[in-house]
Amino acid sequence: MEKIKEMMNSLGYEELVNIKKDLDINQGNLIKDIIKQRINDIESNDNSICVVCGRALNPHVTDHYTLVFGPSDLRKKANFCALDCLQYFLSQIKHAKIIRE
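Summarised in this report is the structure supplied together with it.

**Focus on the packing of aromatic side chains**
Tallied over the entire structure, the rule returns two aromatic pairs. Both rings, one in Phe80 and one in Phe89, keep their centres 5.0 Å apart while their planes meet at 55 degrees; by these two values the pair is tilted. Overall, the relative accessible area of 0% leaves Phe80 in the buried class. The structure contains a cluster of three or more aromatic residues connected by ring pairs, namely Phe69, Phe80 and Phe89.

Below is the structure:
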């Protein structure tokens, strides 16, 4: 919370008035959107690992694969270091689906 105090102290009058209006009129929706976007940015830039083999993935290199799946209200994201890990993952999902049916 100390960082929030420091940030608020660095803002000008007009910026503070705009934040107060957002909180009063929009129930803070603009602030919520800004925070949500920042969290998404941090998560997408975070070092991730391959869900199959556990190898660390460099977010600045584009030689890995990401699969987004699931229903629209519950999306999941899985990262893979190579095509063979992605194929293995998909085959396991297919196998699990066959067993459930």
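There's more to say after this.
**Concerning the nonpolar core**
Cys50, Leu57, Ala78, Phe80, Cys81, Cys85, Leu86 and Phe89 together form the largest nonpolar core, which totals eight residues. Elements with a contribution of two residues or more to this core: strand S4 (76-80) and helix H4 (83-100). Broken down by element, this core gets its largest block of residues, three residues, from H4. The contacts of Leu86, once residues within four sequence positions are left out, are Tyr65, Leu67 and Phe80.

**Considerations on the environment of Lys77**
Note that Lys77 resides in strand S4. Spatially, the C-alpha atoms of Lys77 and Ile4 are 31 Å apart, while their sequence positions differ by 73 residues.

**Quick notes on the pattern of salt bridges**
For the coordinates displayed, the defined rule picks out one salt bridge. One salt bridge connects Asp24 with Lys20, and the closest N-O pair in it is separated by 2.7 Å. Of this pair, Asp24 and Lys20 both sit in helix H2 (residues 13-25), four residues apart, which is roughly one turn of that helix.

**A look at the pairing of S4**
The sheet contact formed by strand S3 (residues 65-69) and S4 spans five bridges and is antiparallel. Across the sheet, Leu67 pairs through a bridge with Ala78, a residue of S4. The turn joining S3 and S4, which pair antiparallel and follow one another in sequence, is formed by six residues; a positive phi near 105 degrees is taken by Gly70.

**Examining a nonpolar patch on the surface**
A surface patch of nonpolar side chains, amounting to about 360 Å² of accessible area, comprises Met1, Ile4 and Met7. Along the chain, Met1 falls in the segment before helix H1 (2-10). With relative accessibility at 80%, the residue Met1 sits in the exposed group.

About the criteria used
- Residues numbered from 1 in each chain as written.
- Predicted model: local features only at pLDDT ≥ 70, side-chain atom pairs only at ≥ 80, totals over all residues.
- Heavy atoms only, no water.
- Phe/Tyr/Trp six-rings, centres within 6.5 Å; stacked < 30°, edge-to-face > 60°.
- Buried < 20%, exposed > 50% of the residue type's maximum accessible area, 1.4 Å probe, protein only.
- Core = buried A, V, L, I, M, F, W, Y, C linked by side-chain atoms within 4.5 Å.
- Helix = DSSP H or I, 4+ residues; strand = E, 2+ residues; numbered from the N terminus.
- Contact = heavy atoms within 4.5 Å.
- Salt bridge = Lys/Arg side-chain N within 4 Å of Asp/Glu carboxyl O.
- Pairing = 2+ DSSP bridges.
- Patch = residues over 30% accessible without salt bridge, like charges linked within 9 Å, V, L, I, M, F, W, Y side chains within 5 Å.
- Areas by Shrake-Rupley, 256 points an atom, 1.4 Å probe, with all protein chains shown as cover.

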